[in-house]
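Observations on the three-dimensional arrangement
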Amino acid sequence: MKPATTAVHAGLSEPRPGEPVLNPLVPATSYYADPDVIGFSASDLGDDAPHFYARWSHPSAAALEQRLARLDGGEAALTFASGMAAVSGLVLHKLQAGDHFIVSNVCYAGVAEFARTLPKYGIAVTAVDASDLVSVANAFRPETKLVHIETPANPILRLADIAAIAQLAHAAGAELSVDSTMATPIATKPLELGADFVVHSLTKYACGHGDALGGAVIGRRGAIEALRRDALIHLGAVLNPFAAWLISRGLETLPQRMAAHADNARAISTWLETAPGVTRVIYPGLPSHPQHELAQRQMKNFSGMLSFVINDGEAVARRLARKLKLVAYAVSLGKTRSLIFHIPTDDLLRTSFALEGRDAEAYRAWAGDGVFRLSAGIEDAGDIIADLEQALAP
């Protein structure tokens, strides 16, 4: 099935006379009968075991997991309570003391900060510019077990070549995890490009409406079931049934929303390239993006995220927060409503990314003194541009 059909039909149960055609919300319950079918320990959990305890699995999550796996082209998916829970669960499951972890040095801030906690568990970490294949190749060690990249990378939309990094990782005996939150399965299917795992913050585009938190890991069935038995069950970051149902409902319109997001982002970024005071616009769909050719190769949709640099950014940020009417001055991304937020470079380099030397210079070459990260919503593009124009005016 094509993505638009998969987004609606994958994970649906077989309809029976008198029952809902679409999956209903299954109310939360903490346990299911019969426990003797499984046993008491998670080590007894089989791949096709029925639901037993809601921290292990439940019907609403299972339906969402089937839909996510089909959309990303994976054998199975596992949902978590948040995107951060998905990443941290995967990393802690795959790594142990003595292992080495390579992570993109520009990625979701929470992931960057989490990676810096790993050495206290005996896990060595190298943060590397994932857009530079030479730097990635040079980062491998004999003990490297996992590489984690994000593409497009938050907040400067720098890309990583998934297929090339997958080859490097597998040649070194390591696995590759790709955070594809910004791209979504509509734009990029990392598993088809050689990745072992795909990670999504379902809070963003997958849900799309800003009313639920969630995360997911998609990959081969055996690997995902092992992740369930270890990370999900023992760390306890289970996705609640109502959030699972909201996200599953949101996925039904993901293909249509992503088309609208991308159309609007292209229109806004094209307008911004000529807007007064704007010194740089970063959008993978623009020919001016340094990696536009790579974007064309591995993205079928350029997503709704764009960033731009403007003179006197902090003063402009205060003005936008005060004057914007349609666009919300707020964090997060991937919602139906347009969102914008200013991210000062000095603050990010000092805290979340902790970049120095050449890495800091490389980041500043993209971001200047700070970027405005804009998540284009699905409103009329002309209305979004008009609101930005009036707010940017001195």
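Along every chain, residues carry numbers that run from 1 in the direction the sequence is written. Side-chain atom pairs in this predicted model are given and counted only at pLDDT of 80 or more, local residue features only at pLDDT of at least 70, and totals for whole chains, interfaces and linings cover all residues. Only hydrogens and water are removed before side-chain values are computed, so all heavy atoms of the structure are retained for them.

**Brief notes about the overall build of the chain**
Defined as follows: Helix numbering and strand numbering both begin at the N terminus, where a helix is a DSSP run of H or I of at least 4 residues and a strand a DSSP run of E of at least 2. When a residue's accessible area, from a 1.4 Å probe over protein chains only, is under 20% of the maximum for its type it is buried; when over 50% it is exposed; and in between it is partly exposed. Any pair of residues with heavy atoms lying within 4.5 Å of one another is described as a contacting pair. The protein chains shown are the only cover counted for residues, whose accessible areas, like all others here, come from Shrake-Rupley with a 1.4 Å probe.
The helix and strand inventory of the chain stands at 15 helices and 12 strands. Counting the 394 residues in the chain, one finds 55% classified as buried. A separation threshold of at least 6 residues defines the contact pool for the chain, and within that pool the share at least 24 residues apart is 72%. When the accessible surface of the chain is totalled, it reaches about 16400 Å², and 54% of it is carbon and sulfur.

**Topic: the pairing of strand E12 (residues 370–375)**
Condition: Strand pairing follows a simple DSSP-based rule, namely that at least 2 bridges must link the two strands.
A large share of E12 lies buried, amounting to six of its six residues. Taking every second residue as pointing to the same face, both faces of E12 are buried, with Gly370, Phe372 and Leu374 on one and Val371, Arg373 and Ser375 on the other. Relative to E12, strand E9 (residues 305–310) runs antiparallel, the two sharing four bridges. Bridge pairing in E12 places Ser307 opposite Arg373. Pairing analysis gives six bridges linking strand E11 (residues 339–344) to E12, with the strands arranged antiparallel. Residue pairing in the sheet places Phe341 in a bridge with Arg373 of E12.

**Quick notes on the sheet that holds strand E5 (residues 175–179)**
The test is simple: Lines fitted to the C-alpha atoms define the axes, with helices restricted to the stretch that makes contact. Angles between their N-to-C directions range from 0 to 180 degrees.
In spatial order, the strands read E1-E7-E6-E5-E4-E2-E3; together these seven strands make up an open sheet with mixed pairing. Where the open sheet ends on each side, the last strands, each with one partner, are strand E1 (76–80) and strand E3 (124–128). Each strand axis lies, on average, 20° off the axis of its neighbour in the sheet, ignoring direction. As paired elements, strand E4 (residues 144–150) and E5 share five bridges and run parallel to each other. Residue pairing in the sheet places His148 in a bridge with Ser177 of E5. The strands that helix H6 (residues 162–171) touches are E4 and E5; relative to E5, the one it contacts most, it runs at about 155°.

**Quick notes on empty space enclosed by the protein**
Operational definition: Each cavity reported here is a set of points on a 1 Å grid over the protein atoms alone in which a 1.4 Å probe fits but cannot get out, each pocket an open set with protein on both sides within 12 Å along at least five of seven lines, and each lining residue one with an atom within 4 Å of a point. Grid points are joined across faces, edges and corners, and a volume is the space filled by probe spheres set on the points. Amino acids outside the nonpolar list (Ala, Val, Leu, Ile, Met, Phe, Trp, Tyr, Cys, Pro) and the charged list (Asp, Glu, Lys, Arg) are all regarded as polar, and Gly is one of them.
In this structure the tally under the stated criterion is three cavities of 30 Å³ or more. Lining the largest cavity are Leu68, Thr181, Thr184, Pro185, His200, Ser201, Leu202, Lys204, Tyr205, Ala206, Leu251 and Leu254. Among the residues making up the lining of the largest cavity, the classes are represented as seven nonpolar, four polar and one charged.

**Let's talk about the layout of surface pockets**
Of the pockets and cavities examined, the largest pocket occupies roughly 550 Å³. Tyr108, Ala109, Asn154, Lys204 and Arg373 are, among the 30 residues lining the largest pocket, the residues nearest its centre. Those elements giving two or more residues to the lining of the largest pocket turn out to be helix H3 (83–94), helix H4 (109–115), strand E6 (197–201) and E11. A total of four residues in the lining of the largest pocket trace back to one element, the largest contributor, which is E11. Split by residue class, the lining of the largest pocket holds 18 nonpolar, eight polar and four charged.

**Overview of the environment of Thr253**
Here Thr253 shows up in the loop between helix H9 (241–251) and helix H10 (254–272). Along the chain, Thr253 and Ala206 lie 47 residues apart, while their C-alpha atoms are 9.0 Å from each other.

**Topic: the sheet that holds strand E8 (residues 278–282)**
Ordered by their spatial adjacency, five strands build an open sheet running E8-E9-E12-E11-E10, and the pairing between neighbours is mixed. Where the open sheet ends on each side, the last strands, each with one partner, are E8 and strand E10 (328–329). Direction of pairing for E8 relative to E9: antiparallel, over a ladder of four bridges. Within E9, the residue paired with Arg280 across the bridge is Val309. Strands in contact with H10 are E8, E9 and E12; relative to E9, the strand with the most contacts, it is inclined by about 15°. Sitting on the sheet, helix H12 (residues 313–323) is in contact with E9, E10, E11 and E12, with an inclination near 155° to E11.

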